[in-house]
Amino acid sequence: MTQFDPSVFQTDLSTMLVRPRRGRTSPWMRDMVAEVDLSPRDLILPVFVRESPSQARETSMKGVVRYTVAELAEVAQEAQALGIPAIALFPVIDPSRRSEDADYARTDELACEAIAAIKAAQANIGVITDVAIDRYTSHGQDGLVRDGRILNDESVAILAEMALAHARAGADVVAPSDMMDGRVGAIRRTLDGAGYQHVSILSYTAKYASQFYGPFRDAVRSSAGLSKGPGPDGKKTYFLDVRNREEAIREARLDEQEGADILMVKPGGPFLDVILTLSQNSHLPIFAYQVSGEYAMLQMAAEAGWANYEGLLLETLLSFKRAGAKGIFTYGALDAAQVLVKR
Ligand code: PBG
């Protein structure tokens, strides 16, 4: 049998002074030296809102439902009581309201009703709206389409109108998630021109052409339309290419110049390097979105018995913090907050 020979190591164990394990000896020590922490204050709860009680409540994601407007006050109060600072609204409208010109987006009535309901409940929680027309176009693209091409400037005009409708209804933060060029500046000017200087813009600065949005598109039923028109590849003409990181910095520069208040990276988990890069390259708060596909993977791993859902959730959310994210959109916000307030 071969004897352990310490001379093969550079470190002579008998004279070793540095022992990193001392920092991990006990729970209080680990807490004391931990580099980041997770709090309910870091979490934003995305909620799906349905038009009528006759529409399906369950989504394909475990634990994620479509609420009616009437249920929102209670959800907002629950989130606020747990310390979650804001709710992000995602309306699910009937496909009959979709059209080539996305006309419904100009008024976005369901979103506006939802905003008003939460504001009327005086829940003391921020309301963030999604500014994007993919739910309202018959082809599911985030822009208007002509001759197979996605039109930038015409789409920006609708986005600005949509953001203004949200602001009028009482939204605190509007969040363009479409990636058209110049939309942040156009929205800022439109809001300011109408007296809504106090409404913030959370820009999806680095939204990638990702495969992780499937369960969301299911939940808002925007995938059906994608079989028409330019199709899923059309999204690659505006969302960022998954191979790129520098491009995210260029987008961040533009959003800063155009008046964005918060920058978002989406999806979060597969793009932690981008979160880190932006947090080192911008002085604006960086947020991340743990998107539907990421969340669904955690749930499915737990369902298969491979891991514990809450454990996976907290670990992934902490990773966002470690990478430099200040805020995290996650479908697990209520679950995570419940665990965190008990600690
Ligand atoms: C709308 C929008 C999408 C998501 C947030 N806003 C879908 C998309 O771009 O297809 C995805 C969020 C998720 O997957 O959880 N543009």
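Here the residue numbers are simple positions, counted from 1 along each chain's written sequence. Given that this is a predicted model, residues contribute local features only at a pLDDT of at least 70 and side-chain atom pairs are listed and counted only at 80 or more, while totals for whole chains, interfaces and linings are drawn from all residues. Water and hydrogen atoms were dropped before computing side-chain values, which therefore reflect all heavy atoms in the structure.

Before we move on, could you go through the overall build of the protein chain and cite the residues and values that matter?
Counting from the N terminus, the helices are DSSP H or I runs at least four residues long and the strands are E runs at least two residues long. Check the secondary structure of the protein chain and you find 11 helices and 11 strands. Its C-alpha atoms give the protein chain principal-axis dimensions of about 75 × 40 × 40 Å. For each residue, the accessible area found with a 1.4 Å probe, counting protein chains only, is set against the maximum for its type, and the residue is called buried under 20%, exposed over 50%, and partly exposed in between. The buried share among the 343 residues of the protein chain stands at 52%. Within the protein chain, contacts between residues at least 6 apart in sequence are counted, and of these 76% link residues at least 24 apart. The Shrake-Rupley method, run with a 1.4 Å probe, gives the accessible areas here. Residue values count only the displayed protein chains as cover. For the protein chain, the accessible surface area stands at approximately 16,400 Å², while carbon and sulfur atoms represent 52% of it. Here the protein chain contributes 37 positive and 45 negative side-chain charges, whose respective centroids are spaced 4 Å apart. Any two residues whose heavy atoms approach within 4.5 Å are treated as being in contact. Only four residue types enter the charge count, namely Lys and Arg as positive and Asp and Glu as negative; His and the chain termini do not. Note on charges: their place is set at NZ of Lys, CZ of Arg, CG of Asp or CD of Glu.

Got a sec to walk through the site of the ligand? Specific residues and values, please.
Not every one of the 17 residues close to the ligand is listed here, only the nearest: Lys207, Arg217, Lys266, Ser292 and Tyr331. Throughout this description, a polar contact denotes any pair of N or O atoms lying within 3.5 Å of each other; where both atoms belong to protein, one of them has to be capable of donating a hydrogen while the other can accept it, and for residues adjacent in sequence the pair is counted only when both atoms sit in side chains. At 3.5 Å, a side-chain N or O of aspartate 130 approaches a nitrogen atom of the ligand. Residue serine 177 places a side-chain N or O atom 3.2 Å away from a nitrogen atom belonging to the ligand. Any residue with a heavy atom positioned within 4 Å of a molecule or strand is treated as near that molecule or strand.

With reference to specific residues and values, describe the packing of aromatic side chains.
Only centres within 6.5 Å qualify two rings of Phe, Tyr or Trp (six-membered ring in Trp) as a pair; their planes then separate them into stacked at under 30 degrees, edge-to-face at over 60, and tilted for everything else. One pass over the full model with this rule turns up 14 aromatic pairs. Consider the rings of phenylalanine 90 and tyrosine 289, whose centres lie 6.3 Å apart with planes at 50 degrees: the pair is tilted. Here phenylalanine 90, found in strand S3 (residues 86–92), pairs with tyrosine 289, found in strand S10 (residues 286–290); they are 199 residues apart in sequence, far enough to count as distant. By way of ring pairs, the aromatic residues Phe48, Phe90, Tyr204, Phe216, Tyr289, Tyr295, Tyr309, Phe329 and Tyr331 are connected into one cluster. Should the NZ of a Lys or the CZ of an Arg lie within 6 Å of a ring centre and within 35 degrees of the ring normal, that charge is described as sitting over the ring. The lysine or arginine in question, lysine 266, covers the ring of tyrosine 289, its NZ or CZ lying 5.2 Å from the ring centre.

Which residues make up helix H8 (residues 272–281), and what values do they have?
Residues of H8 that are buried: Val274, Ile275, Thr277 and Leu278. Down the axis, H8 shows its buried residues gathered within 165 degrees of arc, on one side only. This arc corresponds to the set of directions leading from the helix axis out to the C-beta atoms.

Got a sec to walk through the side chain of aspartate 108? Specific residues and values, please.
Relative to the helices and strands, aspartate 108 is located in the loop between S3 and helix H3 (109–120). Whenever a carboxyl oxygen of Asp or Glu lies within 4 Å of a side-chain nitrogen of Lys or Arg, that contact is scored as a salt bridge. No salt bridge is formed by the buried aspartate 108, whose closest oppositely charged neighbour, arginine 135, lies at an N-O distance of 4.3 Å. At 2.7 Å, the side chain of aspartate 108 and the side chain of histidine 166 are in polar contact. When residues no more than four places from it in sequence are discounted, the contact partners of aspartate 108 are Pro91, Arg135, Tyr136, Met162 and His166.

I'd love a proper account of the pairing of strand S8 (residues 200–207), names of residues and values included.
Where burial is concerned, most of S8 is hidden: 7 out of the 8 residues are buried. The pairing of strand S7 (residues 173–176) with S8 spans 2 bridges and is parallel. Looking at the pairing, valine 174 lines up with isoleucine 201 of S8. Following the backbone out of S7, through helix H5 (residues 183–193) and into the adjacent parallel S8, one traces a crossover that is right-handed. Note: two strands are recorded as paired if DSSP finds a minimum of 2 bridges between them. In terms of strand pairing, S8 meets strand S9 (residues 262–266) through 5 bridges, oriented parallel. Among the inter-strand pairings, serine 203 is bridged to a residue of S9, identified as leucine 263. The handedness of a crossover follows from its direction of travel: if, with the strands pointing away from the viewer, the path from the first strand over the helix to the second runs clockwise, the crossover is right-handed.

Describe the environment of valine 49, with residues and values.
Along the polypeptide, valine 49 turns up in strand S1 (residues 43–50). Along the chain, valine 49 and valine 33 lie 16 residues apart, while their C-alpha atoms are 41 Å from each other. With near-sequence residues (within four places) excluded, valine 49 lies in contact with Tyr67, Thr68, Val69, Leu72, Leu89, Phe90, Pro91, Val92, Leu110 and Ala114.

Provide a residue-level description of helix H9 (residues 292–303), including the pertinent values.
One full turn of an α-helix is made of 3.6 residues, so residues set three or four places apart face in the same direction. In this model H9 runs 16 Å from its N-terminal to its C-terminal C-alpha over 12 residues, within 8% of the 16 Å that 1.5 Å per residue would give. Three or more residues of H9 are buried, namely Ser292, Gly293, Glu294, Tyr295, Ala296, Leu298, Gln299 and Ala301. Tucked inside the fold, the buried residues of H9 contact helix H6 (214–219), S10, helix H10 (309–323) and helix H11 (333–342). The length a helix should cover is 1.5 Å for every residue beyond the first.

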